[in-house]
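# Structural description and commentary
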Amino acid sequence: MDRFVFLTFDGLSKGAVLAAFALALVLIWRAARIVNFAQGAMAVAAAYAGYSVTTATGSYWLGFGAALVGGLLIGMLVERAVMRFVDHSSPLSEVIVALGLVLVMQAVLGMIYGNEFLPAGTPFSRTALSVGDVPLLSRYDLFVFGAVLLVLLGLALLFTRTSVGLRMRASAFAPEVSRLLGVNVGGMLTLGWALASAVGALAAMLVIPTELGLHPHAMDLVFVSAFTAAVVGGLDSPPGAVVGGLAVGLILSYVSGYLGSDVTPMAVLVLLLAVLLVRPGGLFSSTVARQA
Amino acid sequence: MSETVTPARETGTNEAAVPRRAPGLPGLLNRSTLLRHLVLAVLAGVVLFLLTQQLDPFRNFQLATVAAYLCATAGLTLLVGMNGQLSLGHGALMAVGAYTVALTQNALADRGITGNQVLPLSLALGVLVTMAAGAVIGLAAARLRGPYLAGVTLAVAVAVPAATVTFDEVFNSEQGLSVAVEPPPLSLGLYFPNERWQAWVALTGALLTMLLLANLVRSRVGRNLRAVRDDEVAARLAGIHVGRTQVLAFVVSAASAGLGGGLLALLAQSVSPGAFSLTLSLFLLMAVVIGGLGSLSGAVWGAILLVALPDLTHDSAQLVSLPPAVAQRLEGNLPLAVFGLTLIVVMIAAPGGVQGLLRRIGARARRRAPAR
Amino acid sequence: MTADDVILQVKGLTAGYGAAPVLQEVDLTVRAGTIAAVLGANGAGKTTLLRTLSGLVRPSGGEIVYGGQPLRDVPVEQLVRRGMAHVPEGRGVVAELTVDENLRLGGLWRRDREDAAKALTEVYELFEPLAQRRRSAGHQLSGGERQMLALGRALVARPKLLLLDEPSLGLAPRVIAQIMALLRQLRDTTGLTVLLVEQNVRSALSVADEAVVMSLGRIVTATSADRLRDDEELRHAYLGF
Ligand SMILES: Nc1ncnc2c1ncn2[C@@H]1O[C@H](COP(=O)(O)OP(=O)(O)O)[C@@H](O)[C@H]1O
Ligand SMILES: [Mg+2]
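Scope of this entry: the structure provided in the associated data block. (Residues numbered from 1 in each chain as written. Chains lettered and ligands numbered in written order. Predicted model: local features only at pLDDT ≥ 70, side-chain atom pairs only at ≥ 80, totals over all residues. Heavy atoms only, no water.)

### Considering the sheet that holds strand β4 (residues 59-66) of chain C
Residue and element names in this part refer to chain C. With antiparallel pairing, four strands are arranged side by side in an open sheet as β2-β1-β4-β5. With partners counted over all chains shown, the strands left at the sheet margins are β2 (21-31) and β5 (69-70), one partner each. Looking at chain direction, strand β1 (residues 6-16) and β4 are connected through six bridges and run antiparallel. Following the sheet pairing, L8 is matched in β4 by Y66. Sheet contacts for helix α1 (residues 46-53): β1, β2 and β4; angle to β2, the most-contacted strand, approximately 70°. (Pairing = 2+ DSSP bridges. Helix = DSSP H or I, 4+ residues; strand = E, 2+ residues; numbered from the N terminus. Contact = heavy atoms within 4.5 Å. Axes fitted to C-alpha atoms, helices over the stretch in contact; angles between N-to-C directions.)

What follows is the structure, encoded as structure tokens:
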């Protein structure tokens, strides 16, 4: 029973990170109808930038900030310099170009930092605090929840309460009309990529210390899990991504806790297949609105 | 990919442009695709046979590796280029073939079974098992589109190497298995170079694959594949069973990848999950895109690239003198970077790939010639 | 006709979507404070003309002079800042956004936030039904309400020139009459210029000052709306009734 409780909280903490990463995928999907297969590599690149700053300054928080800013810049750069020029008539080309980016980024990271795992520190202790005898959550888990919650709230406010958010939504739904109304649709697209990439970088910063450490491939499995989470949520729905992320996090935590961590990749595959074959639209897809 | 001319249309125009010849060998070759492909395959076989006699062992080994990759890239070209289904999991399918061949070879060796029938048997088994795996993925794939399919095959590419750890009594985890392979048959002589023998085996597999795929592409099945790629609704209206066609494409493609993986296992005489990582899957995709998705010949360029590029970057890294640690990092990663960059540039600037480029140059030359 | 009277001058405009041009050598002059009707059968190129004017389609030849300045290489999103508003074919209501969001979107580019808010209030006063449905999503509106929303959203920008693509399409005659009356009123009170693309010839001619008839991508006649309405022979030749 204790183990179950522990795995549940651990799963929720993992799920929060997956939720953030899935949300980043959803952001780009909504803005550009692209599943950003390069997001894992982009997030890792940002995390390496944070690592460099932390190593140079000795401050976790400076590195944390640098990773987020790095994420923004990488997202901007990827959209402006690459994705903008891809022929959008075939969905294959976007995926293939994104994979090209993955190879380039992972290779460059490998050249600079080497292909070994680098230790990634945490600002708070990872030992679980116990309630009674049951170990529940570590301070770091609380930090993860707080950070993800903050980002969710921030994004929700941005999209529903600000004029930039309105512009971004309008550009995504109706780019041509938005242009006629004076919205800089290209700029909104860049902003969307930058934001998504920063959220992805945050997720990477949060998850990497809990795994084996920093590595060019550190986010590969996280990407697949987050993709699954986004698909569970319906790719189109930010709340869906959050719920999907938590659900996938929980399931994977139980699987890895009871069956062994090497089973996780297969569990992700099975889960993804199950969702896609049983409910291809996801559990939260907002198809009603899109049919109008 | 918009550049790619469907071969069906191409033959159509060729037939219209070239007046029907009188019977005779050229006429016969023109009309019977099977015969033409057969002649081409035999010619290629003879040329390659002579080539293996000339090459040193290292080059022969490289040639064999190209041949093994060619099986996989040709299968992937069929799937992506002809049928429009994206697979990021062909590296994993190669792993299925490779591990099957490895286990079969070892099991046969343990039981003391040797002889000429061992290789074909284990390779055939590798192909069959991979076909089965391909059928399972294909059944799911037929119901999925674009990014969803890419995501699922990506999950396959990540899950399969991990499975070797889960079932480590069979697959021996990260260390992998060594593969018992017999030396070249004694009938070839006592000192027959092993690499030349490997090249023969792999080239035979590759030529067979190319021959079968080329015929498939030109057949009614091939036309159906392309019809489904171009417009699913129209294909359905034309009476084509879309789902079945897609599964078929996946199965055939998986079979080729399985053969390629099996051959790789024989060449390396070992298998390990590291050799069939996600990166391999991505490499295969890069190779076929850069080679050109429009035709099977693109797969040849892709396979050559897969072997030549790491070699070239290795050589060029040797040219500049660097500290060994830096050099090692560069060497491991430079091919990836070059591949990725080339891929992006090709996708944006030349969606036809190498083969498309060659065809365009050829077309321009031909157009210019009669004008003078 | 003095030069500063002219708000839009099109000379030899050629444009299309691929190799074959749709618009061919189109000439058009629109005076400020008038309603100009663009008539013509389905496929004549009316929509393409409007889309070329607002920069959505790149012209391959000719010149567009708007407010005395050539519009070469002016990005689409800049035109609304220069007072040109385009209500596209099918109205362009963003289905996923609410009525209020759609309307606010029309004025987001404006620096003068105060006047933008005022314009929004005015639009709500002008279109009572919209005020009652502020929180409804665009896809929940009726055809008439959508047209009001599209028009209102354009008016929030306080345009000088309004490009309207078939506003009457799919609407009841009573609603059409209201819209036409509104256009006349806006012209008379605010000096708004309207380029009104219509297949509904009678409605368009009832408010228009000038009229051009397009056929197969060319302007085949340009005359006053009165003349086209009253001259049976002319009407018969170009409009078929
Ligand atoms: N997006 C497009 N791509 C290609 N051709 C188009 C496109 N839109 C319109 N056309 C063609 O341009 C011509 C004029 O169309 P359009 O401007 O929509 O006419 P109208 O608005 O007068 O009905 C038609 O022949 C139509 O087929
Ligand atoms: Mg029209």
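### A few points about the sheet that holds strand β10 (residues 218-224) of chain C
All names here are of chain C. On the basis of which strands lie adjacent, the open sheet formed by six strands has the order β6-β7-β8-β3-β9-β10 and mixed pairing. Whereas interior strands pair on both sides, the edge strands pair on one side only; in this sheet they are β6 (84-87) and β10. With direction set aside, neighbouring strand axes in the sheet form an average angle of 15°. Taken together, the six bridges between strand β9 (residues 210-215) and β10 define a ladder with antiparallel strand orientation. Paired with V212 across the two strands is A222, which belongs to β10. Across the sheet, α1 touches β3 (35-40), β6, β7 (161-165), β8 (193-197) and β9, and the angle it forms with β7 is around 145°. Against the sheet, helix α10 (residues 232-239) touches β3, β9 and β10, its axis set at about 160° to β10.

### Digging into the pattern of salt bridges
Tallied over the full model, the rule gives 21 salt bridges over all chains. In this structure, the salt-bridge partner of B:D311 is B:R59, at a minimum N-O distance of 3.6 Å. One end of the pair, B:D311, is in helix α14 (residues 296-319); the other, B:R59, is in helix α4 (residues 57-82), and 252 residues separate them in sequence. Judged by its relative accessible area of 38%, B:R59 is partly exposed. The residue C:D73 makes a salt bridge to C:R58 at a minimum N-O spacing of 3.6 Å. Placement of C:D73 in the loop between β5 and α2 (76-79) and of C:R58 in the loop between α1 and β4 is noted, with a sequence separation of 15 residues between them. The same class applies to C:D73 and to C:R58, which are both exposed. Connected through salt bridges with shared partners, the residues C:R110, C:D115, C:K118, C:E122 and C:R158 form a single ionic network. (Salt bridge = Lys/Arg side-chain N within 4 Å of Asp/Glu carboxyl O. Buried < 20%, exposed > 50% of the residue type's maximum accessible area, 1.4 Å probe, protein only.)

### Regarding the packing of aromatic side chains
A ring pair, where both rings are aromatic, is described by two values, the distance of the centres and the angle of the planes. All names here are of chain A. Here the structure, examined in full by the defined rule, presents 18 aromatic pairs over all chains. Relative to Y113, the ring of Y48 lies with its centre 4.4 Å away and its plane at 25°, an arrangement referred to as stacked. Placement of Y48 in helix α2 (residues 39-57) and of Y113 in helix α4 (residues 91-113) is noted, with a sequence separation of 65 residues between them. As far as the burial class goes, Y48 and Y113 line up, both buried. (Phe/Tyr/Trp six-rings, centres within 6.5 Å; stacked < 30°, edge-to-face > 60°.)

### Thoughts on the pairing of strand β1 (residues 128-131) of chain A
Residue and element names in this part refer to chain A. Looking at chain direction, β1 and strand β2 (residues 134-138) are connected through four bridges and run antiparallel. Residue V131 lies in a different strand from β2, and its bridge partner there is V134. Hairpin connection, β1 to β2: the antiparallel pair is bridged by two residues, and G132 has positive phi, about 65°.

### Topic: the interface of chain C and chain A
Bring the parts together and some accessible area is lost; that lost area is often taken as the interface size. Counting from both sides, the interface comprises 22 residues of chain C and, opposite them, 18 residues of chain A. Roughly 2,000 Å² of surface becomes buried between chain C and chain A when both sides are summed, with 66% attributable to carbon and sulfur atoms. Looking at the side of chain C facing chain A, the largest losses of area belong to C:E77, C:E96 and C:L108, adding up to 29% of the total buried there. There are three salt bridges connecting chain C and chain A. C:R51 is paired through a salt bridge with A:E176; the nearest N and O atoms lie 2.8 Å apart. There are five residue pairs in polar contact (both at pLDDT 80 or more) connecting chain C and chain A. Taken together, the elements giving at least two residues each to the side of chain C that touches chain A come down to α2 and α3 (99-107) of chain C. Considering each element in turn, the side of chain C that touches chain A owes the most residues, four residues, to α3(C). (Buried area = accessible area lost by both parts, 1.4 Å probe. Polar contact = N/O pair within 3.5 Å; in protein donor to acceptor, adjacent residues only side chain to side chain.)

### Here we look at the pairing of β7(C)
Residue and element names in this part refer to chain C. Burial of β7 is extensive: five of the five residues sit out of reach of the surface. Taking every second residue as pointing to the same face, both faces of β7 are buried, with L161, L163 and D165 on one and L162 and L164 on the other. Where β6 meets β7, four bridges bridge the pair, whose relative direction is parallel. Its bridge partner lying in β7, V87 is registered against L164.

### Quick word on the site of ligand 1
All names here are of chain C. Close contacts around ligand 1 come from Y17, V22, A41, N42, G43, A44, G45, K46, T47 and T48, and that covers them all. A distance of 2.6 Å is found between an oxygen atom of ligand 1 and a backbone nitrogen or oxygen belonging to G43. A distance of 2.9 Å separates an oxygen atom of ligand 1 from a polar backbone atom of K46. Out of a free accessible area of 560 Å², ligand 1 has 57% covered by protein chains. The element contributing the most residues to the shell around ligand 1 is α1, with three residues. (Near = heavy atom within 4 Å. Areas by Shrake-Rupley, 256 points an atom, 1.4 Å probe, with all protein chains shown as cover.)

Scope: geometric values only; no functional claims are made or implied.
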